[in-house]
Amino acid sequence: MMNSTIWTGVATIAMLIVSNVVMTLAWYGHLKLQTMGVTSNWPLIGVILLSWGIAFFEYCFMVPANRIGFIGNGGPFSLLQLKIVQEALTLIIFTAFVTIFFKSETLHWNHFVSYGLLILAVFFAFLDPK
């Protein structure tokens, strides 16, 4: 049987992944809809309201993920660790989104270097500072 701390960590990461997928759709999905002609004639306020409606569901996963994952509530992560993991997931999910939905965007060597540095940031955030 899985240790409850491990289970809490897995649940936290899973909710952060779902949250980031929804967030990416809210923040950038309207650009794809615009290129498809769906929202190209919408006023900006309409696009904002659409994105807010989608972003609501992002919060439905992000808030509980941070709440159960936070060490102060019995979770395995410090606030800094939660934020760094969230940012790393954001970049991974955003890159997948762009690669799948925006074929005109291409990855270059400098992107891979920046990803590598981000992975190092996550590594260092989880090192014991003692």
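As the structure is a computational prediction, the values presented were derived from the model and not from experiment. Within every chain, residues take consecutive numbers counted from 1 along the sequence as written. Predicted model: local features are reported for residues with pLDDT of at least 70 only, side-chain atom pairs are reported and counted for 80 or more only, and whole-chain, interface and lining totals are derived from all residues. As a rule here, side-chain values cover all heavy atoms of the structure and leave hydrogens and water aside.

## Concerning the packing of helix α1 (residues 4-35) against helix α2 (residues 44-69)
Right, on to step 1. A fitted line through C-alpha atoms represents every axis, and for helices the fit uses only the stretch in contact; the resulting angles, taken between N-to-C directions, go from 0 to 180 degrees. Counting from the N terminus, the helices are the DSSP runs of H or I reaching at least four residues and the strands are the DSSP runs of E reaching at least two. One can describe the packing of α1 onto α2 by two numbers: an axis separation of 8 Å at closest approach and a directional angle of 170 degrees. Here α2 runs roughly antiparallel to α1, going by the angle between their axes. The way α1 lies across α2 gives a crossing that is left-handed.
Right, on to step 2. Classification convention: Asp, Glu, Lys, Arg as charged; Ala, Val, Leu, Ile, Met, Phe, Trp, Tyr, Cys, Pro as nonpolar; all other residues, Gly among them, as polar. Of the residues in the contact of α1 with α2, the class split is 19 nonpolar, 8 polar and 1 charged. Small angles under 35 degrees read as roughly parallel and large ones over 145 as roughly antiparallel, with 65 to 115 read as roughly perpendicular and the rest as oblique. Left-handed describes a crossing in which the near helix is turned anticlockwise from the far one by less than a right angle; the clockwise case is right-handed.

## Some words on the layout of surface pockets
Right, on to step 1. Here a cavity denotes grid points, spaced 1 Å and computed from the protein atoms alone, that fit a 1.4 Å probe unable to get out, and a pocket denotes an open set having protein on both sides within 12 Å along at least 5 of 7 lines; residues with an atom within 4 Å of a point are the lining. Grid points are joined across faces, edges and corners, and a volume is the space filled by probe spheres set on the points. Quantified by volume, the largest pocket comes out at close to 170 Å³.
Right, on to step 2. In this structure, the largest pocket is lined by L91, F94, T95, V98, T99, E105, T106, L107, H111 and Y115.
Right, on to step 3. Listing elements by their share of the lining of the largest pocket, those giving two or more residues are α3 (79-101) and α4 (109-125).
Right, on to step 4. With 5 residues, α3 is the single largest residue contributor to the lining of the largest pocket.
Right, on to step 5. Of the residues that constitute the lining of the largest pocket, the class distribution is 5 nonpolar, 4 polar and 1 charged.

## Observations concerning the environment of V22
Right, on to step 1. Relative to the helices and strands, V22 is located in helix α1.
Right, on to step 2. Here's how the labels work: a residue is buried when its accessible area is under 20% of the maximum for its type, exposed when over 50%, partly exposed in between, all with a 1.4 Å probe on protein chains only. Taking relative accessible area as the criterion, V22 reaches 15% and is therefore assigned buried.
Right, on to step 3. Every residue in contact with V22, bar those within four places of it in the chain, is listed here: I54, F57 and E58. Residue contacts are defined here by distance: any two heavy atoms, one from each residue, within 4.5 Å place the two residues in contact.

## Considerations on the side chain of E58
Right, on to step 1. Locating E58 in the fold gives a position in helix α2.
Right, on to step 2. Charge assignment in this entry is limited to Lys and Arg as positive and Asp and Glu as negative, and neither His nor the chain termini are counted. Counted as salt bridges are all cases of a side-chain nitrogen of Lys or Arg within 4 Å of a carboxyl oxygen of Asp or Glu. Buried charged residue E58 carries no salt bridge. Nearest counter-charge: K83, at 8.4 Å.
Right, on to step 3. Sequence-distant contacts of E58, that is, excluding residues within four places in its chain, are made with S19, V22 and M23.

## With respect to a nonpolar patch on the surface
Right, on to step 1. Among the surface-exposed residues, W109, V113, L117, L120, F123, F124 and L127 lie close enough to one another that they form a single nonpolar patch of about 780 Å² accessible area.
Right, on to step 2. Looking at the element boundaries, F124 is found in helix α4.
Right, on to step 3. On the accessibility criterion, F124 (53% relative accessible area) is exposed. A patch consists of residues exposed above 30% relative accessible area that lack any salt bridge, with like charges linked at up to 9 Å and nonpolar side chains (Val, Leu, Ile, Met, Phe, Trp, Tyr) linked at up to 5 Å. All accessible-area figures derive from a Shrake-Rupley calculation using a 1.4 Å probe, and residue coverage is judged against the displayed protein chains alone.

## Focus on the pattern of salt bridges
Right, on to step 1. Scanning the model with the defined rule gives 1 salt bridge in all.
Right, on to step 2. With its nearest N and O atoms 2.8 Å apart, the salt bridge here joins E87 to K83. Placement of the pair is E87 and K83 together in helix α3, with a separation of 4 residues, close to one helical turn.
Right, on to step 3. Looking at K83, the relative accessible area reads 44%, which means it is partly exposed.

## Some remarks on α1
Right, on to step 1. A helix is expected to reach a length of 1.5 Å times the quantity of its residues less one. Relative to the 46 Å expected for 32 residues at 1.5 Å per residue, α1 spans 45 Å between its end C-alpha atoms, a close match to the ideal helical length.
Right, on to step 2. The term bend refers to the angle at a residue between two fitted axes, each drawn through seven residues, those ending there and those starting there. Its maximal kink placed at Y28, α1 deviates by approximately 50 degrees.
Right, on to step 3. G37 sits one or two positions beyond α1 and adopts a positive phi of about 85 degrees.

## A word on the nonpolar core
Right, on to step 1. In terms of nonpolar packing, the biggest core is built from 6 residues, these being M15, L16, M62, A65, V85 and L89.
Right, on to step 2. Among the elements of the structure, α1, α2 and α3 are those that each provide at least two residues to this core.
Right, on to step 3. When sequence neighbours within four positions are dropped, the list of residues in contact with V85 reads I13, L16 and F126. What makes a nonpolar core is a set of buried Ala, Val, Leu, Ile, Met, Phe, Trp, Tyr and Cys residues whose side-chain atoms join them at distances within 4.5 Å.

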